[in-house]
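Here is what each chain is made of, one letter per residue.
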Amino acid sequence: MNDPRLREVLGLLDPPTGGKLWHGGAGVLGTLRGVRAEQAIWTPAPDRHSVWELSLHIAYWKYAVRRRLTGEPKGGFARTPSNWPRPPEIADEPAWQKDRALLRQEHSRLIEVVRGLDPGRLDETPDGGGGWRYADLLMGIVLHDTYHAGQIQILKRIYSSQQ
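Conventions and cut-offs
- Residues numbered from 1 in each chain as written.
- Predicted model: local features only at pLDDT ≥ 70, side-chain atom pairs only at ≥ 80, totals over all residues.
- Heavy atoms only, no water.
- Phe/Tyr/Trp six-rings, centres within 6.5 Å; stacked < 30°, edge-to-face > 60°.
- Helix = DSSP H or I, 4+ residues; strand = E, 2+ residues; numbered from the N terminus.
- Buried < 20%, exposed > 50% of the residue type's maximum accessible area, 1.4 Å probe, protein only.
- Lys, Arg positive; Asp, Glu negative; His and termini not counted.
- Salt bridge = Lys/Arg side-chain N within 4 Å of Asp/Glu carboxyl O.
- Contact = heavy atoms within 4.5 Å.
- Arc of directions from axis to C-beta.
- Polar contact = N/O pair within 3.5 Å; in protein donor to acceptor, adjacent residues only side chain to side chain.
- Core = buried A, V, L, I, M, F, W, Y, C linked by side-chain atoms within 4.5 Å.

### As for the packing of aromatic side chains
No. 1: As enumerated under the stated definition, the model contains six aromatic pairs in all.
No. 2: Relative to Tyr63, the ring of Tyr60 has its centre 5.9 Å away and its plane inclined at 45 degrees; by these criteria the two rings are tilted. Residue Tyr60 and its partner Tyr63 are located together in helix H4 (residues 51-70), separated by three residues, close to a single helical turn.
No. 3: Residue class for Tyr60 comes out buried when judged on its relative accessible area of 12%.
No. 4: A connected cluster of aromatic rings, assembled from ring pairs, spans Tyr60, Trp61, Tyr63 and Phe77.

Written out as structure tokens, the structure reads:
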């Protein structure tokens, strides 16, 4: 990968295992290490998102950006409603592992597309990309991941302080 923008995006989206990002924290997948279903479904107050909901939301946006980068049609995300999928009614450990696997799958699919992206297209606007350039979509998903990874870390700390 010779393009500095793509190298930077990949380094921020998919840091090496055990590595920390420039802000000192883990990437999205790293923030979920050790989180059990009971903690994932917990919310600090009514009408607040849980780690579980955030994880599904992040998975959706990885899917949505990948779809925009590749020109795939809408409608293929595994959960509903798409932007903020609901956790399953039975929020147990197997269901949590399944939804974490969905996030890992969407993450891997996005990384694969980014690795194969032609750097010459970064300043182009893809069809179905909402008017944003490829470079904008990539930086947007990096920022989205960083924002929600911070929320997950805060939720984990609040949960732990109440136990």
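Anyway, onward from the coordinates.
### What about the side chain of Arg100?
No. 1: With respect to the helices and strands, Arg100 occurs in helix H5 (residues 93-116).
No. 2: For the buried residue Arg100, which engages in no salt bridge, the nearest side chain bearing the opposite charge is Glu93, 5.8 Å off.
No. 3: Ignoring anything within four residues of it in the chain, the contact list for Arg100 reads Leu32, Arg33 and Val35.

### What about the environment of Thr17?
No. 1: In this fold, Thr17 is placed in the loop between helix H1 (4-13) and helix H2 (28-31).
No. 2: Its relative accessible area of 78% is what places Thr17 among the exposed residues.
No. 3: Sequence separation between Thr17 and Leu29 is twelve residues, and the spatial gap between their C-alpha atoms is 9.6 Å.

### Things to note about the pattern of salt bridges
No. 1: Inspection of the entire model under this criterion finds eleven salt bridges.
No. 2: For the salt bridge of Glu106 with Arg66, the shortest nitrogen-to-oxygen distance reads 3.0 Å. Here Glu106, found in helix H5, pairs with Arg66, found in helix H4; they are 40 residues apart in sequence, far enough to count as distant. Just as Glu106 is buried, Arg66 falls in that class too.

### So, H1
No. 1: Considered for burial, the residues of H1 that qualify are Leu6, Val9, Leu10, Leu12 and Leu13. Buried residues of H1 fall within an arc of 165 degrees about the axis and therefore sit on the same side.
No. 2: Residues of H1 that are buried in the fold lie against H4, H5 and helix H6 (134-161).
No. 3: Sitting at the head of H1, Asp3 places a side-chain oxygen 2.9 Å from the backbone nitrogen of Arg5.

### Remarks on the nonpolar core
No. 1: Val51, Trp52 and Trp96 are the most contacted members of the largest nonpolar core, which totals 24 residues.
No. 2: Elements represented by at least two residues in this core include exactly helix H3 (37-41), H4, H5 and H6.
No. 3: Take this core: its biggest share by element is nine residues, from H4.
No. 4: If we ignore the near neighbours within four places in the chain, the residues touching Trp96 are Leu32, Val35, Arg36, Ala37, Ala40, Val51, Trp52 and Ser55.
No. 5: Among the nonpolar cores identified, the runner-up in size contains 19 residues, and Leu110, Val113, Leu122 and Leu138 belong to it.

### Details of unusual backbone geometry
No. 1: Geometrically, the link from Thr80 to Pro81 is a cis peptide bond, its omega value of -20 degrees lying close to zero.
No. 2: Topologically, Pro81 is positioned in the loop between H4 and H5.
No. 3: One non-glycine residue, Asp47, adopts positive backbone phi at about 60 degrees.
No. 4: Overall, Asp47 belongs to the exposed group, its relative accessible area being 77%.

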